[in-house]
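One-letter residues, chain by chain:
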Amino acid sequence: MGLLDIVPAGVVTGDNLRKVFEYAREQKFAIPAINCTSTSTINAALEAARDIKSPIIIQFSNGGAAFIAGKGLSNKNQEASIIGAVAGAQYVRTVAKAYGIPVIIHSDHCAKKLLPWFDGMLAADEEYFKANGEPLFSSHMLDLSEDPKEENIEICLKYLKRMAPMGCLLEMEIGITGGEEDGVNNEDVDNASLYTQPEDIWEIYKAFSEITDLFSIAAAFGNVHGVYAPGNVKLHPELLEKHQAYVTEQLKSSNPKPVFFVFHGGSGSSEQEIATAVNNGVVKMNVDTDTQWAYWIGLRNYYEDKKDYLQTQVGNPEGAGKPNKKFYDPRVWVRESEKTMIERVQQACKDLANVDVL
């Protein structure tokens with residue numbers, strides 16, 4: 001029995017989203033969440049997953065969402081980021097089912113200063129829910145890890161109460177992911193902050209479970225955003241096993257992995273580190289830096305290969321009067337970027353054992 005025997009193709013929310021994560025946890029695979037900034041990058045992620053029979057997560061960061069709306073729009077009061085995220089989600093909903101795979105639509109890191117963005121997306125969810133019985137997005141992420149733990153949990157609970165009736169999952173972060181991403185810089189944080197404690201996980205799990213079970217936790221185990229030379233980042237995904245065991249003990253449960261964990265800062269991680277994380281209940285891993293590089297590589301390689309055809313509209317090595325339109329047509333070179341991004345998304349799926357699971 002595969003995943004498509006459990007949930008339908010297309011965007012999944014609520015009960016179906018829960019089933020996807022439960023299936024991933026039971027079968028010991030995780031789903032990459034690909035940061036997308038355009039219909040091109042969305043298409044590349046969907047095509048990559050379709051061709052290896054995998055579910056996929058399309059996620060939008062605050063900056064990526066604003067880019068989708070257009071750099072010419074003002075982002076005063078997060079207006080461009082709201083418009084872009086909603087437009088991106090609506091596009092994914094339009095095409096997802098045609099790719100024949102389960103698709104999760106997610107919004108990435110939302111710090112406290114970006115809460116107007118979160119409010120705007122939830123308003124779109126509630127409007128969509130009234131018309132269709134499910135939210136526009138499958139899930140959202142609140143990143144209040146820079147704030148005191150008590151305040152982090154309090155704000156998350158406030159939003160979770162609003163999201164739960166729609167079946168919209170909340171991802172929260174406890175402990176800090178180092179490095180820099182999308183304007184949030186944690187490059188100089190104290191090392192101890194990079195490791196979440198099991199008591200923190202239980203406190204969150206207990207409080208959130210009183211509202212819904214549709215939540216996930218991005219626990220810190222030395223994670224760092226960006227890509228670094230091997231050995232420069234000290235990951236300890238084995239800590240997640242201790243977190244799971246602690247929650248299981250508190251629950252007096254027979255379920256050895258009650259928590260849906262999320263892996264942030266996964267670029268450059270070793271296969272063993274990823275495998276350990278997945279084995280300990282990670283069901284989602286963010287991928288951004290590596291797919292950005294892959295998209296660029298396709299364009300760079302194309303330019304280097306076709307350079308003599310890309311200097312003028314007319315005139316190339318085949319003749320002074322030969323037109324070059326078929327070489328500079330954006331559909332050609334954008335597609336080359338998509339091809340190399342597709343390869344990297346598929347590699348992420350393979351690293352997470354997320355292949356042929358449908």
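The model shown is predicted, which means the values in this text are computed figures rather than measured ones.

A. View of the side chain of Asp329. Secondary-structure assignment places Asp329 in the loop between α11 (325-328) and α12 (330-351). Within the structure, Asp329 has its side chain in polar contact with the side chain of Arg331 (distance 2.7 Å).

B. Inspection of the nonpolar core at higher detail. Judged by nonpolar contacts, the single largest core of 79 residues is most densely connected at Ile56, Ile58, Phe208 and Ile217. No other element matches the seven residues that helix α6 (residues 149-163) contributes to this core. For Ile58, the residues in contact, after removing those within four places along its chain, are Ile34, Cys36, Ile42, Ala45, Leu46, Val92, Val103, Ile104, Ile105 and His106.

C. Geometry of the packing of helix α5 (residues 115-132) against α6. Following both chains from N to C, one finds α5 and α6 inclined at 15°, their axes separated by 11 Å at the closest point. In this view, α5 runs roughly parallel relative to α6, as classed from their interaxial angle. Relative to α6, α5 is oriented so that their crossing is left-handed. Contact residues: Leu115, Phe118, Asp119, Leu122, Ala123 and Glu126 in α5; Tyr159, Arg162 and Met163 in α6. Within the contact of α5 with α6, the residues separate by chemical class into six nonpolar, no polar and three charged.

D. Quick look at the state of the cysteines. Per the stated rule, a full pass over the model turns up zero disulfides. For Cys36, which is in no disulfide, the shortest distance to another cysteine sulfur is to Cys349 and amounts to 12 Å. Left unpaired, Cys110 is separated from the closest cysteine sulfur, that of Cys156, by 10.0 Å.

E. Up close: the pairing of strand β11 (residues 282-287). Within β11, six of the six residues are buried, which leaves it mostly tucked inside the rest of the structure. Here strand β2 (residues 31-35) pairs with β11 via four bridges, running parallel. Residue pairing in the sheet places Pro32 in a bridge with Met285 of β11. Both strand β10 (residues 261-263) and β11 contribute to a ladder of three bridges, which runs parallel. The residue of β11 that forms the bridge with Val262 is Lys284.

F. Quick look at helix α7 (residues 198-209). In a regular helix each residue adds 1.5 Å, so 12 residues correspond to 16 Å; α7 covers 16 Å between its end C-alpha atoms and thus fits that length. Those residues of α7 that fall on the buried side of the exposure criterion are Pro198, Asp200, Ile201, Trp202, Ile204, Tyr205 and Phe208.

G. Highlighting the packing of helix α10 (residues 289-306) against α12. One way to put it is that α10 packs onto α12 with a least axis distance of 7 Å and a crossing angle of 140°. As summarised for this structure, α10 and α12 are arranged oblique, according to the angle between their axes. Seen from above, α10 lies across α12 with right-handed handedness. Contacts between α10 and α12 involve Asp290, Thr291, Ala294, Tyr295, Ile297, Gly298, Leu299 and Tyr302 from the first element and Val332, Trp333, Val334, Glu336, Ser337, Glu338, Thr340, Met341, Arg344 and Val345 from the second. The class makeup of the residues in the contact of α10 with α12 is 10 nonpolar, four polar and four charged.

H. Highlighting the pairing of strand β9 (residues 215-219). Within β9, five of the five residues are buried, which leaves it mostly tucked inside the rest of the structure. Neither face of β9 is exposed, since Phe215, Ile217 and Ala219 on one face and Ser216 and Ala218 on the opposite face are all buried. The sheet contact formed by strand β6 (residues 169-174) and β9 spans five bridges and is parallel. What sits directly across from Glu171, in β9, is Ser216.

Reading the values: the criteria
- Residues numbered from 1 in each chain as written.
- Predicted model: local features only at pLDDT ≥ 70, side-chain atom pairs only at ≥ 80, totals over all residues.
- Heavy atoms only, no water.
- Helix = DSSP H or I, 4+ residues; strand = E, 2+ residues; numbered from the N terminus.
- Polar contact = N/O pair within 3.5 Å; in protein donor to acceptor, adjacent residues only side chain to side chain.
- Core = buried A, V, L, I, M, F, W, Y, C linked by side-chain atoms within 4.5 Å.
- Buried < 20%, exposed > 50% of the residue type's maximum accessible area, 1.4 Å probe, protein only.
- Contact = heavy atoms within 4.5 Å.
- Axes fitted to C-alpha atoms, helices over the stretch in contact; angles between N-to-C directions.
- Parallel < 35°, antiparallel > 145°, perpendicular 65-115°, else oblique.
- Left-handed = near helix turned anticlockwise from the far one by under 90°.
- Nonpolar A, V, L, I, M, F, W, Y, C, P; charged D, E, K, R; others polar.
- Disulfide = S-S within 2.5 Å.
- Pairing = 2+ DSSP bridges.
- Expected span 1.5 Å × (residues − 1).

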